[in-house]
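An overview of the molecular structure
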Amino acid sequence: MDRWNGKVAVVTGASSGIGAEIAKDLAKAGMITIGLARRVERVEQLKQQLPKEAANRLHAMKCDVSIETDIERTFQRIADTYGGVDVLVNNAGIVRQNNLLDLGTAADLRAVLDTNVTGLVLCSQWAYKSMVDRKVDGHIVHISSIAGHSVPNFPKLNIYPGTKHAVRAITETMRHEMRDAGTKIKVTSVSPGAVKTEILDGIPIPEEMPLLEAEDISAAVLYAIGTPPHVQVHELIIKPVGEVM
């Protein structure tokens with residue numbers, strides 16, 4: 001992680017769960033870390049959990065990644081204030097609990113697609129432009145899911161597995177484009193199994209079901225971005241011991 005010391009990291013969905021842990025760990029690792037979230041006050045509260053020097057490196061910005069104008073405004077502000085983006089972690093993601101074939105769910109479908117797919121791509125576009133313009137060999141990390149590798153037999157996940165399959169394809173498309181453009185920018189997908197975070201609230205989880213902690217996923221992200229410049233981690237699949245999916 002030494003080469004990232006003093007560089008700028010952006011983490012979407014940084015107000016809780018995996019995103020919050022990643023934002024804290026990047027700040028502790030020496031990166032100027034911008035935590036994006038709709039609930040920006042919760043990102044500010046993360047500073048209380050950090051040593052003073054790391055807390056001073058963590059900055060909160062309000063951004064809804066499902067809104068294109070929000071993304072454009074935020075990344076322009078980051079460029080003006082901090083110079084650009086060296087590492088982007090696309091963590092923001094939502095699920096809406098209903099059946100895919102239920103009528104009257106169009107608003108939920110659009111919300112999940114806009115956050116999990118379109119927002120991820122638009123944030124990546126701005127980060128990639130920043131890296132290319134400044135000739136930085138940066139890194140883009142997508143927090144995906146094992147639901148992007150196989151569709152779990154779990155009720156009311158709706159289009160969520162579809163969005164994570166899309167992220168898997170998007171990751172490979174970005175890798176091809178980065179290579180063909182002659183850059184050394186990396187892209188990595190991290191696919192966790194079930195993680196003990198707010199996204200599981202309201203979902204009937206069996207008591208005996210093994211769960212990962214958000215810290216487990218953050219450690220994987222730091223591993224991926226901490227590899228030498230000639231090493232690219234394409235995909236990390238992380239499951240708790242005993243998971244059946």
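Before reading further, recall that the structure is shown in the block above.
A short tour of the structure in this document, coming up. (Residues numbered from 1 in each chain as written. Predicted model: local features only at pLDDT ≥ 70, side-chain atom pairs only at ≥ 80, totals over all residues. Heavy atoms only, no water.)

The next thing to look at is the packing of helix α5 (residues 106-133) against helix α6 (residues 160-180). Put simply, α5 and α6 touch, their axes get as near as 9 Å, and they point 15° apart. Considering their axes alone, α5 and α6 lie roughly parallel with respect to each other. Relative to α6, α5 is oriented so that their crossing is right-handed. Taken together, the residues of α6 that come into contact with α5 (itself represented by Val112, Leu113, Asn116, Val117, Leu120, Val121, Ser124 and Tyr128) are Tyr160, Thr163, Lys164, Ala166, Val167, Ile170, Met174, Glu177 and Met178. Within the contact of α5 with α6, the residues separate by chemical class into 12 nonpolar, three polar and two charged. (Axes fitted to C-alpha atoms, helices over the stretch in contact; angles between N-to-C directions. Helix = DSSP H or I, 4+ residues; strand = E, 2+ residues; numbered from the N terminus. Parallel < 35°, antiparallel > 145°, perpendicular 65-115°, else oblique. Left-handed = near helix turned anticlockwise from the far one by under 90°. Contact = heavy atoms within 4.5 Å. Nonpolar A, V, L, I, M, F, W, Y, C, P; charged D, E, K, R; others polar.)

All right, on to the pairing of strand β2 (residues 32-37) then. Burial analysis of β2 places five of its six residues in the buried class, which makes it a mostly covered element. The pairing of strand β1 (residues 8-11) with β2 spans four bridges and is parallel. Along β2, the bridge assignment pairs Val8 with Ile32. Alignment of β2 against strand β3 (residues 58-62), held across five bridges, turns out to be parallel. The residue bridging Ala37 from the neighbouring strand is Lys62, located in β3. (Buried < 20%, exposed > 50% of the residue type's maximum accessible area, 1.4 Å probe, protein only. Pairing = 2+ DSSP bridges.)

Turning next to the pattern of salt bridges. Tallying each qualifying case throughout the model produces 10 salt bridges. Taking the shortest distance from any N to any O, the salt bridge between Asp70 and Arg73 comes out at 3.1 Å. Taken together, the residues span about one helical turn, with Asp70 and Arg73 both in helix α4 (residues 68-82) at a distance of three residues. The exposure class of Asp70 is buried, given its relative accessible area of 17%. Classification of Arg73 by relative accessible area gives partly exposed; the value is 39%. (Salt bridge = Lys/Arg side-chain N within 4 Å of Asp/Glu carboxyl O.)

Further remarks concern the side chain of Lys24. Its location among the elements puts Lys24 in helix α1 (residues 17-28). When neighbours within four sequence positions are excluded, Lys24 is seen to be in contact with Leu46, Gln49 and Leu50.

By secondary structure assignment, the location of Asp64 is in the loop between β3 and α4. With sequence-adjacent residues up to four places away left out, Asp64 is seen in contact with Arg38, Asp70 and Ile71.

What follows deals with the state of the cysteines. As enumerated under the stated definition, the model contains zero disulfides in all. Cysteine Cys63 shares no disulfide, and the gap to the nearest cysteine sulfur, in Cys123, comes to 5.9 Å. Using a relative accessible area of 3% as the deciding quantity, one classes Cys63 as buried. The exposure class assigned to Cys123 is buried, which follows from its relative accessible area of 1%. (Disulfide = S-S within 2.5 Å.)

Looking now at the sheet that holds strand β6 (residues 186-192). Across a sheet, paired strands are connected by hydrogen bonds in the backbone, their directions being either parallel or antiparallel. Pairing is parallel in the open sheet, where seven strands are placed in the order β3-β2-β1-β4-β5-β6-β7. Strand pairing shows two members of the sheet lacking a second neighbour, β3 and β7 (235-238), which therefore form its edges. Across the sheet, the axes of successive neighbouring strands diverge by a mean angle of 15°, strand direction being ignored. Two elements, β1 and strand β4 (residues 87-90), share three bridges in a ladder whose sense is parallel.

The subject of this paragraph is the environment of Ile22. Note that Ile22 resides in helix α1. With residues up to four places along the chain from it excluded, the contact list for Ile22 reads Val11, Val89, Ile143, Ser218 and Val221.

By the alternation rule, side chains of β1 split into Val8 and Val10 and Ala9 and Val11, which are all buried. For the crossover from β1 across α1 to β2, the handedness is right-handed. (Right-handed = clockwise from strand over helix to strand, strands pointing away.)

We now examine unusual backbone geometry. Among all residues except glycine, the phi angle is most often negative; among peptide bonds, the trans geometry is most common. At Lys135, a position not held by glycine, the phi torsion is positive, near 55°. Of note, Lys135 is situated in the loop between α5 and β5 (139-143). A relative accessible area of 75% means that Lys135 is categorised as exposed. Positioned with a positive phi, Asn158 is a non-glycine residue whose angle comes to about 55°. With respect to the element layout, Asn158 can be found in the loop between β5 and α6. Since its relative accessible area comes to 14%, Asn158 is described here as buried.

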